[in-house]
Amino acid sequence: MSAPPAAKKFLRVLDGEALFPPPIWLMRQAGRYLPEYRELRAKTPSFLDFCYSPKIAAEATLQPIRRFGFDAAILFSDILVVPDALGQKVSFETNEGPRLEPIQSEEAFEKLNSEIDLGRLEPVFETIIRIREALPPETALIGFCGAPWTVASYMVAGRGTPDQGPARLLAYRQPELFQQLTDRLVEASIRYLCRQIDAGVEAVQIFDTWAGVLPAGEFECWCLAPTKAIVAGVKSRHPDVKIIGFPKGVGSRLVNFADLTGVDAVGLDSAVDPAWAASALSPGRAAQGNLDPLALIAGGAALQTATRRILEAFRGRPHVFNLGHGVTPQTPVENVAALVDLVRRGGRA
């Protein structure tokens, strides 16, 4: 039997309650730094097969919870299952990342499904059900999607790029086409997140990893407006479910992002000054972050100093301790354990 939402520290903070020590989870807390994950991954022929194998994806989600006792688990999946369910060909090349059939013309866009094929994503929803059945009662479950801008950057280029140049150029040269693609992704994301909630996730996060490359006008069009639409769409069907927005690299625009999109919590990347964020964000809105993943790799005094600085900056306001981006494969497992222990002790030696 799951604990009532009010008993879960992570959800209490997203609801605006200041707790100390704060709850903790880490982006990419399931992954290649864990030997048990590498063993599991070796059993599947491709990464997409891994994401669409409910038993295996659920196990990957649960591994860091068993090892570290995080306050929240995040569904193991990938943001590119949405383009896959829209009919775009998606694959993952070993050591090279995702590959998609690029969408750079009206003709290519017209080949997409008019709406997301939720049947294609049924394994993801089964994964959620399996996770909820196995999670400790005090542990919350987070679902997620990629923000339209970040997902579109892969759909247009056909792969990851250093500056998202192909998507930015398409948005400049063919703004109507790029708006059509964005609108398609907004509606797909709303339906996908709502179906995750129906299956059992208790909060959702919208990852806009490449928001920071957008100039001011484009930021409003391709980051703020789509995220606001997704938040409104999800809230219209699930008004009590909390939404975290993570617009990486946007600096001082975080305040506008938080205020204008309607997210309940805002994720902070590692470049954000915690003291500034604690004073700039509205008092009732939760902040999440923002330890440098490299400090986690370094461990020792560097990890302790950075962790204490974040804990002190957000003390007295709603805060979820996390990284400013994801755990990297070279992260020592013992450093993650040391971080969790330090946070649990409120930074005390």
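Every chain begins its residue count from 1, and numbering advances along the sequence as written. Local features in this predicted model are restricted to residues whose pLDDT is 70 or higher, and side-chain atom pairs enter the listing and the counts only when it is 80 or higher, whereas totals over whole chains, interfaces and linings include all residues. Values reported for side chains reflect all heavy atoms of the structure, with hydrogen atoms and water molecules removed beforehand.

Under an unreviewed UniProt entry, the protein has the name Uroporphyrinogen decarboxylase and belongs to Methylocella silvestris. UniProt lists a comment for the protein under the heading Sequence similarities (unreviewed entry), and it reads "Belongs to the uroporphyrinogen decarboxylase family." UniProt positions are given in the numbering used here, feature names are shortened, and annotations may be inferred rather than shown by experiment. Recorded in UniProt under Catalytic activity (unreviewed entry), the annotation for the protein is "uroporphyrinogen III + 4 H(+) = coproporphyrinogen III + 4 CO2".

> Where do I start with the sheet that holds strand S4 (residues 140-146) in this structure?
In any sheet, the strands associate via hydrogen bonds between backbone groups, in a parallel or an antiparallel arrangement. Paired strands are those between which DSSP finds at least two bridges. Under the DSSP-based scheme used, a helix requires at least four consecutive residues in state H or I and a strand at least two consecutive residues in state E, with every element numbered from the N terminus. Strand order in the open sheet made by the 7 strands is S1-S4-S5-S6-S7-S8-S9, with parallel pairing throughout. For this open sheet the edge positions go to strand S1 (72-74) and strand S9 (319-323), each flanked by a neighbour on one side alone. This sheet shows a mean twist of 25° between the axes of neighbouring strands, independent of strand direction. One ladder, built from 6 bridges, connects strand S5 (residues 203-208) with strand S6 (residues 242-247); its direction is parallel. Paired with Val-204 across the two strands is Ile-243, which belongs to S6. For helices, the axis comes from a line fit to the C-alpha atoms of the stretch in contact; other axes are also lines fit to C-alpha atoms, and the angle between any two N-to-C directions lies between 0 and 180 degrees.

> Looking at this structure, I do not really get unusual backbone geometry. What am I missing?
Negative phi is the rule for most residues except glycine; trans is the rule for most peptide bonds. Here the residue pair Phe-20 and Pro-21 is connected by a cis peptide bond, since its omega of -5° sits within 30 degrees of zero. For the bond from Gly-289 to Asn-290, the omega torsion is -10°, close enough to zero to count as cis. Inspection of the secondary structure puts Asn-290 in strand S8 (residues 286-291). With a phi close to 60°, Arg-28 is a non-glycine residue in the positive phi region. Position of Arg-28 relative to the elements: it lies in the loop between helix H1 (9-14) and helix H2 (35-41). One non-glycine residue, Gln-164, adopts positive backbone phi at about 55°. For Gln-164, the position within the fold is in the loop between helix H8 (148-157) and helix H9 (165-173).

> Looking at this structure, how should I read the nonpolar core?
General note: in soluble globular proteins, nonpolar side chains tend to be found buried as a group. In this structure, Phe-10 and Leu-121 are the most contacted members of the largest nonpolar core, which totals 126 residues. Examining the composition of this core, we find that 12 residues originate from one element, helix H10 (residues 175-199), more than from any other. For Phe-10, the contacting residues outside a window of four places in its chain are Pro-23, Trp-25, Asp-71, Ala-72, Ala-140, Ile-142, Ala-203, Ile-244, Gln-288 and Val-320. Joining through side-chain atoms within 4.5 Å is the link that ties buried Ala, Val, Leu, Ile, Met, Phe, Trp, Tyr and Cys residues into a set, and such a set is a nonpolar core. Categorising residues by exposure relies on relative accessible area from a 1.4 Å probe, with only protein chains included: less than 20% of the type maximum marks a residue as buried, more than 50% marks it as exposed, and the intermediate range marks it as partly exposed. Residue contacts follow a heavy-atom distance rule, with two residues in contact if any of their heavy atoms lie within 4.5 Å.

> Help me out: how do you make sense of the UniProt feature "domain: Uroporphyrinogen decarboxylase (URO-D)" (unreviewed entry) in the protein in this one?
UniProt feature "domain: Uroporphyrinogen decarboxylase (URO-D)" (unreviewed entry): in the numbering of this structure it lies at residues 23-32 and 142-158. Here residues 23-32 runs as 0% helix and 0% strand, with 23 Å between its end C-alpha atoms. With 59% helix and 29% strand, residues 142-158 has end C-alpha atoms that lie 28 Å from one another.

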